[in-house]
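Residue strings, one per chain:
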Amino acid sequence: MRRRHRMPEVREGGVNVTPLIDVVMCLIIFFMLVAKIGVAQGVDPTIDLPASRLGQDLAEQQLKDPGQALTLNVRRGALDLPLVTALVEGGTNAPQEIKLVDAASGKKPLLEVLKRIKTGADRRPNTPDDKNLKIIIRGDQDMPYQFLEPVLVTCAEARVRSVNFNTRKVVE
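## So, the overall build of the protein
Reasoning step 1: Scanning the protein from N- to C-terminus turns up five helices and seven strands.
Reasoning step 2: Secondary structure elements of the protein occur, N-terminal to C-terminal, as α-β-α-β-β-β-α-α-β-α-β-β.
Reasoning step 3: In the protein, which comprises 172 residues, the share counted as buried stands at 27%.
Reasoning step 4: Within the protein, residue pairs in contact and separated by at least 24 positions form 65% of the contacts whose partners lie at least 6 positions apart.

## Focus: the pairing of strand S3 (residues 82-86)
For a regular strand, the rule is simple: side chains alternate between the two faces of the sheet.
Reasoning step 1: Counting buried residues in S3 gives four out of five residues, a clear majority hidden from the surface.
Reasoning step 2: Hairpin connection between strand S2 (residues 69-76) and S3: a loop of five residues separates the two successive antiparallel strands, and Leu-79 in this loop has a positive phi of roughly 60°.
Reasoning step 3: Where S3 lies against strand S4 (residues 96-98), three bridges are found, and the strand directions are antiparallel. Residue Ala-86 lies in a different strand from S4, and its bridge partner there is Gln-96.

## Regarding the packing of aromatic side chains
Reasoning step 1: One pass over the structure, following the stated rule, counts one aromatic pair.
Reasoning step 2: A centroid spacing of 5.2 Å and a plane angle of 70° characterise the contact between Phe-30 and Phe-31, whose relative ring orientation is edge-to-face.

## As for the pairing of strand S6 (residues 162-165)
Reasoning step 1: Pairing geometry for strand S5 (residues 134-139) and S6, over four bridges, is parallel. The residue bridging Ile-137 from the neighbouring strand is Phe-165, located in S6.
Reasoning step 2: With helix H5 (residues 145-157) bridging S5 and the parallel S6, this β-α-β connection has right-handed handedness.

## A closer look at unusual backbone geometry
Reasoning step 1: Positive phi, normally seen in glycine, also occurs at Arg-159, with a value near 60°.
Reasoning step 2: By secondary structure assignment, the location of Arg-159 is in the loop between H5 and S6.

## Here we look at a nonpolar patch on the surface
Reasoning step 1: A cluster of nonpolar side chains, contributed by Val-15, Val-17, Leu-20, Ile-21, Val-24, Met-25, Ile-28 and Met-32, occupies part of the molecular surface with about 790 Å² of accessible area.
Reasoning step 2: Considering the arrangement of structural elements, one finds Leu-20 in helix H1 (residues 18-34).

## Description of the nonpolar core
The tendency in soluble globular proteins is for nonpolar side chains to be buried as a group.
Reasoning step 1: Counting residues in hydrophobic clusters, the biggest one holds 23 residues, and the most contacted among them are Leu-70, Leu-72, Leu-110, Leu-114 and Ile-135.
Reasoning step 2: Mapped onto this core, the elements with two or more residues apiece are S2, S3, helix H3 (109-119), S5 and H5.
Reasoning step 3: Those residues in contact with Leu-114, other than ones at most four positions away along the chain, are Leu-70, Leu-133, Ile-135, Thr-154, Cys-155 and Ala-158.

Conventions we followed
Per chain, the residues get numbers from 1 upward, laid out in the order the sequence is written. Totals for whole chains, interfaces and linings use every residue, but because this is a predicted model, local features are given only for residues with pLDDT of at least 70 and side-chain atom pairs only at 80 or more, for both listing and counting. As a rule here, side-chain values cover all heavy atoms of the structure and leave hydrogens and water aside. Counting from the N terminus, the helices are the DSSP runs of H or I reaching at least four residues and the strands are the DSSP runs of E reaching at least two. Classification of residues uses two cut-offs on accessible area relative to the type maximum, computed with a 1.4 Å probe and protein chains only: under 20% is buried, over 50% is exposed, and between them is partly exposed. By the convention used here, residues are in contact when the closest approach between their heavy atoms is within 4.5 Å. Only when DSSP finds a minimum of two bridges between them are two strands counted as paired. Think of it this way: a Phe, Tyr or Trp ring, Trp meaning its six-membered ring, pairs with another when their centres are within 6.5 Å, and the plane angle makes it stacked under 30 degrees, edge-to-face over 60, tilted otherwise. With strands facing away from the observer, any crossover in which the path from the first strand over the helix to the second runs clockwise is taken as right-handed. Residues with no salt bridge and a relative accessible area higher than 30% make up the patches, which join like charges within 9 Å and nonpolar side chains (Val, Leu, Ile, Met, Phe, Trp, Tyr) within 5 Å. Surface exposure here means Shrake-Rupley accessible area, sampled with a 1.4 Å probe, where a residue is shielded only by the protein chains that are shown. Salt bridges are defined as contacts in which a side-chain nitrogen from Lys or Arg sits within 4 Å of a carboxyl oxygen from Asp or Glu. Residues belong to a common nonpolar core when they are buried Ala, Val, Leu, Ile, Met, Phe, Trp, Tyr or Cys residues joined through side-chain atoms within 4.5 Å.

Such coordinate-based values are descriptive only and should not be taken to indicate function.
This is the structure we're talking about:
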């Protein structure tokens, strides 16, 4: 004859919620880590990206290496100068135009912005921020190289170590 086993009596005053709290804390930490995905990146959606076999989405590039990144949208501009827009500090949530050279003062606003971001809050070179700055260039596929070259030269002048191009993947 089989004996029936009953549930053991609960001797505690209530339910143990410690495992539930652990799971909720893990979920909170997970969502805090991936919350940067929804942050505006200053992308100009009207740019028609060039295609490549190894094309990577902007979000993929930033997820693989989540350091400090600045997206530069480069288009044809007037007078054989590129039109560069980016989402910079102190601005709105829309990309702002950053001139390569200010005709009136002779200053180089893009170079100044890159140096300010690169050196970090303490404005000293060779800080940890210095090594993590990544530039992601989004250029129109029909844009001649003469508009892209000054942007690359400015990145080199600012001593940015990582410059990447955002492309779209060719569907085969």
